[in-house]
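Structural features, examined
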Amino acid sequence: MKRLFLSALLAISLFFTSCGQLKVFKGADSIPGVETVYVGGALLRIGMNSAGAEYADMGKEYGVDVSGLEAIEILDTETPAAIAKLKPFVDRVVKEKKFEVAMQNKEDGELNTIYFSPQDAKQRSDMLIVSQEKDEMSVVLLQGITFKAEKKQQ
C-alpha cells in the first residue's frame, strides 16, 4: 500500500511539473481571430541539439546565448476587434514582468517595440517583440535569453 501511495504521489508530481508550461499569454488563444503558437523548452532543446554547433553558437559573438531558451510564444491577428482584445494582454505582461523598452520604431503607421525583462540571478532575460499596424498585430516572446559579457583576451 505504501509503495502504491508513493507511486501515485510521484506520478501526480511529475504530471504537474511537466504541465507547468511557461505560457505568459494564457487566455489569449481564446480570443477569436488570434492565432497562437507555443514552443516549449523540450522541443527547443531537441531542435538545438539536432541543428548543430553553428546554431548553438548563434548570437554568442554579441554576448547573447539563445541555446538555453525556455519557451517561445507567438501571437498574431489581422482583425481590429482581436487587436483591441489582445492589446490588454500585452500591456499586462509588460507591466507584470517589468519589461523595459529596448528599441521602438514608428514608421508609416507601424509601431515596432522590443522589450527586455530585467535579468534574473542566472543572467537570463525575456525578450518581447510587438509589431502593430492598424489591422495587424504580432507578438513574439522569447523566454530565457542569457546575456554574458565576453572577456577580452589580452
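Please read these numbers as outputs of a predicted model, since none were measured by experiment.

The next subject is the pairing of strand β4 (residues 100-107). Strand direction decides the pairing type here: β4 and strand β5 (residues 110-116), joined by seven bridges, are antiparallel. When the sheet's bridge partners are listed, Gln 104 is paired in β5 with Thr 113. The loop that links β4 with its antiparallel partner β5 comprises two residues; one of these, Asp 108, has a positive phi angle of about 50 degrees.

On to the packing of aromatic side chains, then. One pass over the structure, following the stated rule, counts one aromatic pair. Measuring from ring centre to ring centre gives 6.2 Å for Phe 99 and Tyr 115, while their planes differ by 65 degrees; the resulting arrangement is edge-to-face. Placement of the pair is Phe 99 in the loop between α4 (80-96) and β4 and Tyr 115 in strand β5, with a sequence separation of 16 residues. In this structure Phe 99 comes out as buried when scored by relative accessible area, which is 8%.

This paragraph deals with α4. The first and last C-alpha atoms of α4 sit 25 Å apart over 17 residues, in line with the 24 Å expected at 1.5 Å per residue. At Leu 86, α4 shows its strongest bend, of approximately 25 degrees, with the proline Pro 88 following within four residues. Burial in α4 covers these residues: Ala 82, Ile 83, Leu 86, Phe 89, Val 90, Val 93 and Val 94. For α4, the secondary structure elements touched by its buried residues are β1 (34-40), β3 (71-77), β5, β6 (124-133) and β7 (136-147). In the segment just after α4, Lys 98 is the residue with positive phi, at about 55 degrees.

Here Glu 110 is to be found in strand β5. Taking relative accessible area as the criterion, Glu 110 reaches 25% and is therefore assigned partly exposed. Sequence separation between Glu 110 and Met 137 is 27 residues; the distance between their C-alpha atoms is 9.5 Å. The contact partners of Glu 110, leaving out residues within four places of it in the chain, are Asn 105, Ser 131, Gln 132 and Glu 133.

What follows covers the pattern of salt bridges. Proximity of charged atoms lets side chains of opposite charge pair with each other. Evaluation of the coordinates by the stated rule reveals three salt bridges. Across the pair Asp 91 and Lys 87 runs a salt bridge, and its minimum N-O distance is 3.4 Å. Linking Asp 91 with Lys 87, this pair stays in helix α4, spanning four residues, or about one helical turn. The exposure class of Asp 91 is partly exposed, given its relative accessible area of 40%. Across the pair Asp 126 and Lys 97 runs a salt bridge, and its minimum N-O distance is 3.0 Å. One end of the pair, Asp 126, is in strand β6; the other, Lys 97, is in the loop between α4 and β4, and 29 residues separate them in sequence.

Attention now moves to the pairing of β6. Pairing of β5 with β6 involves six bridges; the strand directions are antiparallel. Within the sheet, the bridge partner assigned to Thr 113 lies in β6 and is Val 130. Both β6 and β7 contribute to a ladder of 10 bridges, which runs antiparallel. By the bridge assignment, Gln 132 is partnered in β7 with Met 137.

How each quantity is defined
Residues numbered from 1 in each chain as written. Predicted model: local features only at pLDDT ≥ 70, side-chain atom pairs only at ≥ 80, totals over all residues. Heavy atoms only, no water. Pairing = 2+ DSSP bridges. Helix = DSSP H or I, 4+ residues; strand = E, 2+ residues; numbered from the N terminus. Phe/Tyr/Trp six-rings, centres within 6.5 Å; stacked < 30°, edge-to-face > 60°. Buried < 20%, exposed > 50% of the residue type's maximum accessible area, 1.4 Å probe, protein only. Expected span 1.5 Å × (residues − 1). Bend = angle between axes of the 7 residues up to and from the residue. Contact = heavy atoms within 4.5 Å. Salt bridge = Lys/Arg side-chain N within 4 Å of Asp/Glu carboxyl O.

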